[in-house]
Amino acid sequence: MTLSSPLVPIKTPRDLRSLKKNWGNPSGLVPTMGALHEGHIQLIRHAASTAEEVIVSIFVNPTQFADNEDLESYPRNLASDIEMAQLAGATQIFVPNVKDLYPNGFSTYVVPCGPLVERWEGKSRPYLFRGVCTVVFKLFQIIQPTFAIFGQKDFQQLQVVRQMVSDLDLQVEIHAIPTVREEDGLAMSSRNTYLDSKERKAAPLLFQTLQQAVVIIQNDPKQNLEVLSQTLIRQLNSVPQIKIDYLGFVDAESLQPVSQFNGNVCLMVAAFVGKTRLIDNLLIQTK
Ligand code: PAF
């Protein structure tokens, strides 16, 4: 398929607000940091299947990166992102620059707190959810979409955004789309491009281990999950390229650790594969 007239990205909140008056309804927002891959494409396709107007935002959000993280090296490829988004069904592309969203003197953040953010990504990356909630809140304010779509790969992010929407009475529906995977099971991520060939070979072990845990639990649902998680951590850490940051069985709503299977459990993992930090998760259901 070829594009007859390429979309011209909207660059400022002000332009977006004035153009938005003529947009169709309902509208779906797909917030992204660019470097689009098949996972993003599925989010855009989902939006296009129900919305008249599909807005894809592309913004590498500096406030969700700590100083030692990959803000500078994060992959950026705007021209191909716009083309891919349009082919998947985007009708508008919003590409603000940092000064537009965080002008000089910016000092008001949306800071989630409590048990949902105290562990896992929230513990390992202390700025992450403050940055995510602040930028997502701003995007919701500027775009005012009927719904916004997030991938289940960032499972804690999804729950934190849902909590923000509920706590702050935001008028937006949150839709979630299952993780899209490479053929060997590796969860698609813009950061997979950082992996060298040995690391790329090792990376699918994360998902394979999650699947292995599901089988173990299906065979013995009374299994002690804390003990099982320690076994899985040891197993993954024995692979030279892999260093586990965390691996835990959690209640899929509260994200609190569970030691017994309760029918609604998610196994979450974060690991360094070489220098690249990858995350994945799997919801566990009994047969
Ligand atoms: O998941 C992401 O790509 C980002 O965290 C998001 C939601 C676009 C906010 O910057």
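I will try to describe carefully the structure that is included in this document. The model shown is predicted, which means the values in this text are computed figures rather than measured ones. For every chain, the first residue of the written sequence is number 1, and numbering continues from 1 onward in sequence order. Totals for whole chains, interfaces and linings use every residue, but because this is a predicted model, local features are given only for residues with pLDDT of at least 70 and side-chain atom pairs only at 80 or more, for both listing and counting. Just so you know, side-chain values use all the structure's heavy atoms and leave hydrogens and water out.

## A word on the overall build of the protein chain
Under the scheme used here, helices are H or I runs from DSSP no shorter than 4 residues and strands are E runs no shorter than 2 residues, and both carry numbers assigned from the N terminus. From N to C terminus, the protein chain includes 11 helices and 8 strands. Counting only C-alpha atoms, the protein chain reaches 55 × 40 × 40 Å along its principal axes. Every one of the 287 residues in the protein chain was classed for burial, and the buried ones make up 52%. Any two residues whose heavy atoms approach within 4.5 Å are treated as being in contact. When contacts within the protein chain are restricted to residue pairs at least 6 apart in sequence, long-range pairs at least 24 apart make up 73% of them. Calculation of accessible area relied on Shrake-Rupley with a 1.4 Å probe; when residues are assessed, cover is drawn exclusively from the protein chains displayed. Summed over its atoms, the accessible surface of the protein chain is roughly 14100 Å², and 50% of this surface lies on carbon and sulfur atoms. Residue exposure (1.4 Å probe, protein chains only): buried if accessible area is under 20% of the type maximum, exposed if over 50%, otherwise partly exposed.

## Concerning the layout of surface pockets
Of the volumes computed, that of the second largest pocket is approximately 200 Å³. Think of a 1 Å grid over the protein atoms and nothing else: a 1.4 Å probe that fits but is trapped marks a cavity, an open set flanked by protein within 12 Å on at least five of seven lines marks a pocket, and residues with an atom within 4 Å of a point count as lining. Along its surface, the second largest pocket is lined by 16 residues, and Ile58, Phe59, Val60, Arg76 and Val95 are the ones closest to its centre. Grid points are joined across faces, edges and corners, and a volume is the space filled by probe spheres set on the points.

## With respect to the sheet that holds strand β4 (residues 147–151)
Here, strands pair whenever DSSP counts at least two bridges between them. With parallel pairing, 5 strands are arranged side by side in an open sheet as β3-β2-β1-β4-β5. With one partner strand each, in any of the chains shown, β3 (92–94) and β5 (173–177) form the two edges of the open sheet. When strand polarity is set aside, the average angle formed by the axes of neighbouring strands in this sheet is 25 degrees. Examined bridge by bridge, strand β2 (residues 53–58) and β3 share 3 bridges and lie parallel to one another. Residue pairing across strands places valine 56 opposite isoleucine 93, the latter belonging to β3. Every angle, taken between N-to-C directions, lies between 0 and 180 degrees, and every axis is a line fitted to C-alpha atoms, over only the stretch in contact when it is a helix.

## Let's talk about unusual backbone geometry
Cis geometry marks the peptide bond from asparagine 25 to proline 26, where omega comes out at -5 degrees. Within the secondary structure layout, proline 26 lies in the loop between α1 (13–20) and β1 (27–32). With phi around 55 degrees, tryptophan 120 is a residue other than glycine that occupies positive phi space. Inspection of the secondary structure assignment puts tryptophan 120 in the loop between α5 (115–118) and α6 (121–124). What makes tryptophan 120 buried here is its relative accessible area of 11%.

## Remarks on the site of the ligand
Only heavy atoms are used to decide nearness, and a residue is near a molecule or strand if one of them lies within 4 Å of it. The ligand sits among Pro31, Thr32, Met33, Asn61, Gln64, Val132, Val135, Phe150 and Gln157. Take glutamine 64: an N or O atom from its side chain is 2.7 Å from an oxygen atom of the ligand. Relative to its unbound accessible surface of 280 Å², the ligand loses 88% to contact with the protein. For the shell around the ligand, a count of residues per class yields 5 nonpolar, 4 polar and no charged. In protein, a polar contact requires one atom able to donate a hydrogen and another able to accept it; more generally it is a pair of N or O atoms within 3.5 Å, and residues adjacent in sequence count only if both atoms are side-chain atoms. Following the grouping adopted for this structure description, the nonpolar residues are Ala, Val, Leu, Ile, Met, Phe, Trp, Tyr, Cys and Pro, the charged ones are Asp, Glu, Lys and Arg, and the polar ones are all others, Gly among them.

## So, the packing of aromatic side chains
Aromatic rings from Phe, Tyr and Trp, with only the six-membered ring used for Trp, were paired whenever their centres fell within 6.5 Å, and each pair was classed as stacked if the ring planes differed by under 30 degrees, edge-to-face if by over 60, and tilted otherwise. Evaluation of the coordinates by the stated rule reveals 5 aromatic pairs. Where tyrosine 102 meets phenylalanine 106, the ring centres are 4.9 Å apart and the plane angle is 85 degrees; that geometry is what we call edge-to-face. Cluster of aromatic residues (ring-pair linked, three or more members): Phe59, Tyr102, Phe106 and Tyr109. Between the NZ or CZ atom of arginine 130 and the centre of the ring of tyrosine 109, over which it lies, the distance is 3.9 Å. Working rule: Lys NZ or Arg CZ, within 6 Å of ring centre, within 35 degrees of ring normal, means a charge sits over the ring.

## Focus on helix α10 (residues 204–219)
Helix span, expected: 1.5 Å multiplied by one less than the number of residues in the helix. The end-to-end C-alpha separation of α10 is 23 Å, in line with the 22 Å expected for 16 residues at 1.5 Å each. Pro204, Leu206, Phe207, Thr209, Leu210, Ala213, Val214 and Ile217 are the residues of α10 that are buried. Buried-residue contacts for α10 involve α9 (197–202), α11 (225–237), β6 (242–251), β7 (265–273) and β8 (276–284).

## A look at the pairing of β5
In terms of strand pairing, β4 meets β5 through 5 bridges, oriented parallel. When the sheet's bridge partners are listed, phenylalanine 147 is paired in β5 with glutamate 173. Regarding the hand of the β-α-β motif, the stretch spanning β4, helix α8 (residues 155–167) and β5 is right-handed. When the strands point away from the viewer and the connection leading from the first strand across the helix to the second strand turns clockwise, the crossover is called right-handed.

## Comments concerning the nonpolar core
With 42 residues, the main nonpolar core has Phe94, Val136, Phe140, Ile143, Phe150 and Ile174 as its most contacted residues. Every residue in contact with phenylalanine 140, bar those within four places of it in the chain, is listed here: Leu29, Pro145, Ala148, Phe150, Met164, Val165, Leu170, Val172 and Ile174. Residues Leu195, Leu236, Phe261 and Leu278 belong to the second largest nonpolar core, which totals 30 residues. Think of a nonpolar core as a cluster: buried Ala, Val, Leu, Ile, Met, Phe, Trp, Tyr and Cys residues, connected wherever their side-chain atoms sit within 4.5 Å.

## Notes on empty space enclosed by the protein
Applying the stated rule across the entire model yields 1 cavity of 30 Å³ or more. Considered as a void within the structure, the largest cavity measures approximately 60 Å³ in volume. Along its surface, the largest cavity is lined by Lys153, Gly185, Leu186, Ala187, Asn192, Ala203, Leu206, Phe207, Leu278, Ile279 and Asp280. Every element with two or more residues in the lining of the largest cavity is listed here: α10 and β8. Per element, the largest residue contribution to the lining of the largest cavity is 3 residues, and it comes from β8.

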